[in-house]
Amino acid sequence: MSEYKIVTGNFASAYGARLARAEVVSAYPITPQTEVVEKISEFVADGDMDAEFVKVESEHSAMASCIAASATGARAYTATSAHGLALMHEMLMWAARARLPIVMTNVNRAMGPPWSVWADHLDTIAQKGSGMMQFFCENNQEVLDSILMAYKISEDEDIMLPSMVVEDAFILSHTREPVEIYDQELVDDFLPPLDMDQKVDIEDPKGFGSLVMPDWYMDFAKKLEEAMMEAKDKVKEVNKEFKETFGRDPGGLIEEYKTDGVDVLMITMGSISGTSKDVIDELRDEGHNIGLARLRTFRPFPKEEIRELTKDVNVVGILDRSYSFGRAGDAAREIKEAIYGYNSPLVKNYIVGLGGRDLTPEVLELIMEDSLELLDEDPDQDELDPEVEWVDLRIDRNKWRR
Amino acid sequence: MAEFPEKELMNSGHNACPGCGAAHAMRYMLKALGKNTTVNIPACCWAVIPGVYPSRNLEVPLLYTAFETTGASSSGIRAALKKRDDVDDAEVEVVGFAGDGGTADIGIQALSGAIERNTDTIQVMYDNEAYMNTGIQRSGVTPEGAWTTTTPVGSKGDWKKQPKKEMMEIVESHNVPYAATVNIAYPDSFVEKFKKAKEFSGPRFMHIYAPCPTGWRARPSDAVELGRLAHKSRFFPLFEIEHGKYNIYKEPKEDEVIPVKEYLKIQGRFRHLPEEMVEKIQKRVDTKWEQLKKKERFTQEELYE
Ligand SMILES: Cc1ncc(C[n+]2csc(CCOP(=O)(O)OP(=O)(O)O)c2C)c(N)n1
Ligand code: SF4
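Given the structure is predicted, the values throughout are model-derived calculations rather than measurements.

Asker: Can you lay out the overall build of chain A for me, pointing to particular residues and giving the numbers?
Answerer: When its secondary structure is counted, chain A shows twelve helices and 16 strands. In terms of overall dimensions, chain A is globule-like: its C-alpha atoms have a radius of gyration of 21 Å, near the 21 Å expected for 402 residues. Projected onto the principal axes, the alpha-carbon positions of chain A cover approximately 70 × 50 × 45 Å. For chain A, the residues scored as buried account for 59% of the 402 residues in total. Looking at chain A alone, contacts between residues at least 24 apart form 83% of all its contacts between residues at least 6 apart. Accessible area of chain A: about 16,100 Å², with a carbon and sulfur share of 48%.

Asker: Describe the packing of aromatic side chains, with residues and values.
Answerer: Residue and element names in this part refer to chain A. Across all of its chains, the model carries 24 aromatic pairs over all chains by this definition. Taking the centre distance of 5.6 Å and the plane angle of 85° together, the rings of phenylalanine 190 and phenylalanine 242 count as edge-to-face. Placement of the pair is phenylalanine 190 in helix α7 (residues 184-190) and phenylalanine 242 in helix α8 (residues 214-246), with a sequence separation of 52 residues. Taken individually, phenylalanine 190 and phenylalanine 242 each receive the classification buried, so the pair is uniform in this respect.

Asker: Can you tell me about a negative patch on the surface, naming the residues and giving the values?
Answerer: Residues and elements named next belong to chain A. A cluster of acidic residues, Glu157, Asp158, Asp195, Asp197, Glu230 and Asp233, forms a negative patch at the surface. In this fold, aspartate 197 is placed in the loop between α7 and β9 (207-208). By relative accessible area, aspartate 197 is classed as exposed at 67%.

Asker: Mind laying out the side chain of A:Glu180, listing which residues take part and the relevant values?
Answerer: All names here are of chain A. One can find glutamate 180 in strand β8 (residues 177-181). Here tyrosine 4 takes part through its side chain, which lies 3.4 Å from a polar atom of the side chain of glutamate 180. Leave out the neighbours within four places in its chain, and glutamate 180 touches Ser2, Glu3, Tyr4, Gln141, Leu144 and Arg248.

Asker: Explain the site of ligand 2 to me, and be specific about the residues and the numbers.
Answerer: The environment of ligand 2 is made up of B:Ala16, B:Cys17, B:Cys20, B:Cys45, B:Asn128, B:Met132, B:Cys212, B:Pro213 and B:Thr214. Of the residues that constitute the shell around ligand 2, the class distribution is seven nonpolar, two polar and no charged.

Asker: Residue-level account of the interface of chain B and chain A, with values.
Answerer: On the side of chain A, 38 residues touch chain B, which itself brings 37 residues to the contact. Across the chain B to chain A interface the summed buried area is about 3,100 Å²; carbon plus sulfur atoms make up 65%. Looking only at chain B, the three residues that lose the most surface to chain A are B:Tyr53, B:Lys83 and B:Arg84, adding up to 22% of its buried area. Counting across the chain B and chain A interface gives four salt bridges. A salt bridge links B:Lys82 to A:Glu52; its shortest N-O distance comes to 3.8 Å. In this assembly, chain B and chain A are joined by twelve residue pairs in polar contact (both at pLDDT 80 or more).

Asker: Can you lay out the site of ligand 1 for me, pointing to particular residues and giving the numbers?
Answerer: Around ligand 1 lies a shell of 18 residues, among which B:Gly101, B:Gly102, B:Tyr126, B:Ala130 and B:Asn133 are the nearest. More than one chain reaches ligand 1: the nearby residues come from chains A and B. The separation between an oxygen atom of ligand 1 and a polar main-chain atom of B:Gly101 is 2.8 Å. Surface burial for ligand 1 is 77%, taken as the share of its 580 Å² of free accessible area covered by protein chains.

Asker: Hey, could you go over the pairing of strand β12 (residues 290-295) of chain A for me, with residue numbers and the actual values?
Answerer: Residues and elements named next belong to chain A. Counting buried positions over the six residues of β12 gives six, a clear majority of the element. Burial along β12 is two-sided: the face carrying Ile290, Leu292 and Arg294 and the face carrying Gly291, Ala293 and Leu295 are both buried. Sheet topology places strand β10 (residues 254-257) next to β12; four bridges connect them, and they run antiparallel. Residue pairing across strands places tyrosine 257 opposite leucine 292, the latter belonging to β12. As for the winding sense of the linkage, the β-α-β connection from strand β11 (residues 264-268) through helix α9 (residues 272-285) to β12 is right-handed.

Rules used throughout
- Residues numbered from 1 in each chain as written.
- Chains lettered and ligands numbered in written order.
- Predicted model: local features only at pLDDT ≥ 70, side-chain atom pairs only at ≥ 80, totals over all residues.
- Heavy atoms only, no water.
- Helix = DSSP H or I, 4+ residues; strand = E, 2+ residues; numbered from the N terminus.
- Rg over C-alpha atoms; globule rule 2.2 N^0.38 Å.
- Buried < 20%, exposed > 50% of the residue type's maximum accessible area, 1.4 Å probe, protein only.
- Contact = heavy atoms within 4.5 Å.
- Areas by Shrake-Rupley, 256 points an atom, 1.4 Å probe, with all protein chains shown as cover.
- Phe/Tyr/Trp six-rings, centres within 6.5 Å; stacked < 30°, edge-to-face > 60°.
- Patch = residues over 30% accessible without salt bridge, like charges linked within 9 Å, V, L, I, M, F, W, Y side chains within 5 Å.
- Salt bridge = Lys/Arg side-chain N within 4 Å of Asp/Glu carboxyl O.
- Lys, Arg positive; Asp, Glu negative; His and termini not counted.
- Charge placed at Lys NZ, Arg CZ, Asp CG, Glu CD.
- Polar contact = N/O pair within 3.5 Å; in protein donor to acceptor, adjacent residues only side chain to side chain.
- Near = heavy atom within 4 Å.
- Nonpolar A, V, L, I, M, F, W, Y, C, P; charged D, E, K, R; others polar.
- Buried area = accessible area lost by both parts, 1.4 Å probe.
- Pairing = 2+ DSSP bridges.
- Right-handed = clockwise from strand over helix to strand, strands pointing away.

What follows is the structure, encoded as C-alpha cells:
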C-alpha cells in the first residue's frame with residue numbers, strides 16, 4: 001500500500017533508494033546530505049532494505065566502490081554534496097565513461113571557502129560535462145520520483161549512463177513535506193531488477209576499461225554522446241510511464257507553467273521554482289503576460305524544447321543559482337546559445353541565492369518586474385552574451401526591497 | 001614441496017619490459033589463486049601490461065580502475081558479488097593488484113578503509129620501488145639512497161633521503177588475519193604463500209618484491225638475481241604475519257648472508273652512493289632485521305604462550 005509520510009528531501013532520497021531496491025550503497029557523510037546515509041543505515045540495520053552498505057572512508061571511495069559494484073552487476077546508489085561531489089569528480093567521469101547506470105543524490109551546496117553549507121548549484125553545474133545525467137528537483141516528492149525514474153532511464157540498454165538527482169540544501173534536504181511512498185510492488189513493476197549482460201564475471205572473464213589508442217577513444221566518446229541524445233526521448237517516455245503508473249508528473253525535461261502565448265518567460269531550476277510560480281500567478285492576476293519554465297533536466301540539455309518555448313517570447317529572464325566565473329550563469333549561457341539563430345528575445349541572466357541567500361517572494365517579484373520592464377527595450381538580436389545581474393548583493397539591497 | 005601449478009591464467013604476449021618482475025608476479029599469483037579470481041588494477045605498469053584494447057592476456061575478469069581506488073574498488077566488487085544470485089561469493093577471490101605508489105601513497109586511504117572494514121579481499125602491492133608507469137619517480141616505498149627522476153642526485157647528492165615506508169607494519173596495525181612478503185625470485189614459496197592467503201577470509205595483504213630492471217637501471221637478465229640478492233642480503237626479508245604472529249620464512253643461514261653492497265652494486269640507481277651511505281644502508285638493514293627477529297620472538301613466544 002502506498003502511504004504518505006511527512007519527510008525531508010534527504011529521507012525522500014533514502015526512501016527512493018530503498019524503493020528502487022539499490023543493492024549496493026556506498027556513501028560518506030557530509031552536511032547537508034548526512035541524513036541520507038543515516039536513514040539508509042537504519043533501513044539496512046532494521047532489515048527494511050536488503051543492501052550491502054559499504055561504509056567507505058571518503059566520497060572518492062564511495063563512487064569508486066559504486067563503480068566496481070555496478071561493473072559487477074549490482075544496482076548501486078550513493079549520495080553526497082558540494083565538497084564530496086568535487087572530490088568524486090574523477091570518479092563521476094569514470095562512471096559515465098564506463099557506461100554504468102549508477103544513480104546518486106547530490107544535495108546542492110556552496111563550495112568553500114568561505115565555508116558555507118547552504119544551497120548553491122555550482123557543485124552540480126561544475127560536473128555538467130562529466131557524462132552524468134542531471135535532474136534538478138523542485139520538491140521532496142520529485143526527489144523520490146526522480147530516483148526511480150533515473151534508474152529506469154540509466155539502466156535502459158540504449159542509455160547506460162549514470163544519473164545525478166539534485167535537491168537544494170536545507171530548502172529541500174531538511175524541510176519536511178508530505179511525500180507519497182509508493183507501494184513496493186508497483187515500483188517493482190515499474191523498475192525490474194537490473195540485468196547487465198556485460199559484467200565482472202568469473203564464468204565469462206572480460207576486461208573493462210583498458211588502455212585504448214587514439215584510434216578508438218573518440219568513437220567511444222561519440223557513443224556516450226549518442227546515448228545522451230537518446231536519453232532525451234527516454235526521459236519523456238519514462239516520465240509518461242511514471243505518470244501512468246503513479247499518477248504524478250515529475251516534469252520530464254522541462255516543466256511549463258502558464259507559458260502559452262506569454263511575452264515574458266522566466267526560467268528557473270530547483271526549489272526556487274515553487275515560490276516563483278506563486279509570484280507568476282500574482283503578476284498574471286495583475287494583468288502581466290508572464291509565464292515560467294522550470295529546467296528539470298540539465299543534462300541532457302533540452303535545447304529543442306527551449307527553442308520551441310521561446311519562439312514567440314520577447315523577453316527571457318533566467319535565474320541561475322550558480323555562477324561560472326569569468327563568464328555567466330550556465331543555464332542562461334546555454335539557453336541563449338540554444339536559441340541563438342532561431343529566436344531573438346532579449347535575454348537577461350539573474351544570479352541569485354548563492355550560498356543559500358534567501359529568495360523571498362519579494363525579491364522574485366522584483367526580478368520578474370525587471371524582466372517585464374525589458375519589454376520596452378529593443379531586443380539585442382546579434383549579441384550572444386546575456387546581460388548578467390547579481391541580485392540582492394549587500395551593496396544594493398535597496399534595489400531589491402520594496 | 002607442493003607441486004607448482006601448471007595452469008596458466010596469464011597468456012603469453014604482454015607489454016612489460018624484458019625481465020619485468022611485476023609480470024612474473026601476476027603470473028605466479030594467478031597460478032596460486034586459480035580461475036575463480038577477479039582482479040582490479042589501478043593506474044600503474046600493470047594497467048598497460050595486459051595489452052591495449054581489444055587485446056588482453058589474462059583469463060580472469062579484469063576491472064581497470066582509477067589510480068587511488070584499489071581498496072574501494074575491491075570493496076565494491078565484493079559487495080556486488082554478495083548480491084549476485086548466480087555466484088557463490090565465498091568461492092571467489094577478489095584481488096586488488098596495485099603498484100607501490102597505488103598502494104602506499106595515493107591509494108593508502110582506500111587500502112586502509114578496505115582492510116579496516118574487514119573486506120574479504122587480497123590486496124596486493126607489487127613493489128618495484130617507484131612510480132614506473134610514469135617514468136621512474138620516487139614513491140614512499142623507494143629505498144633510501146636511490147636515484148629516480150624526481151630524486152635525480154645532481155651535483156648536490158639529491159638522492160632519496162628517506163627510508164622505505166613499511167607497508168607490512170601499516171597493514172599489521174589494522175589487525176588483518178594474514179599478510180606476507182613474497183619475492184618473485186622464489187616462485188615456490190611465492191605460490192605457497194598466496195595459497196595460504198587464500199585459506200583465510202577477510203582482508204589479506206601481500207607485499208611482492210618485483211624487481212624492475214628498467215627503473216633500477218639493471219640488466220633485464222639480472223631480474224631474478226636481484227630478487228635473490230635482496231633476500232640474501234636481508235634487504236627484503238621474507239616473512240608472514242598471521243593474526244599478529246610474525247614468522248620469518250626461508251631465512252638465509254648466517255653464513256649465506258651477503259653484504260647489502262652486493263645487492264646495490266648491480267643497479268645503476270645506487271651507483272652514485274658514497275661509501276658512508278652504503279654503510280648507513282647496511283646499518284639500517286641490520287637494525288630492521290634485528291627488529292624483525294625480535295618481533296617474531298615476541299609474538300611467537302612471549303605474546304602467545
Ligand atoms: C590521480 C592520478 N594521479 C596521477 C596519475 C599518473 N600515474 C599513473 S600510474 C602512476 C605511477 C604508478 O606507480 P606505482 O603505483 O608504483 O605502479 P608502477 O607504475 O610502478 O607499476 C602515476 C603517477 C594517475 N593516473 N592518476
Ligand atoms: S618499468 Fe619496470 S615494472 Fe614497469 S613494465 Fe618495465 S620492468 Fe616492469
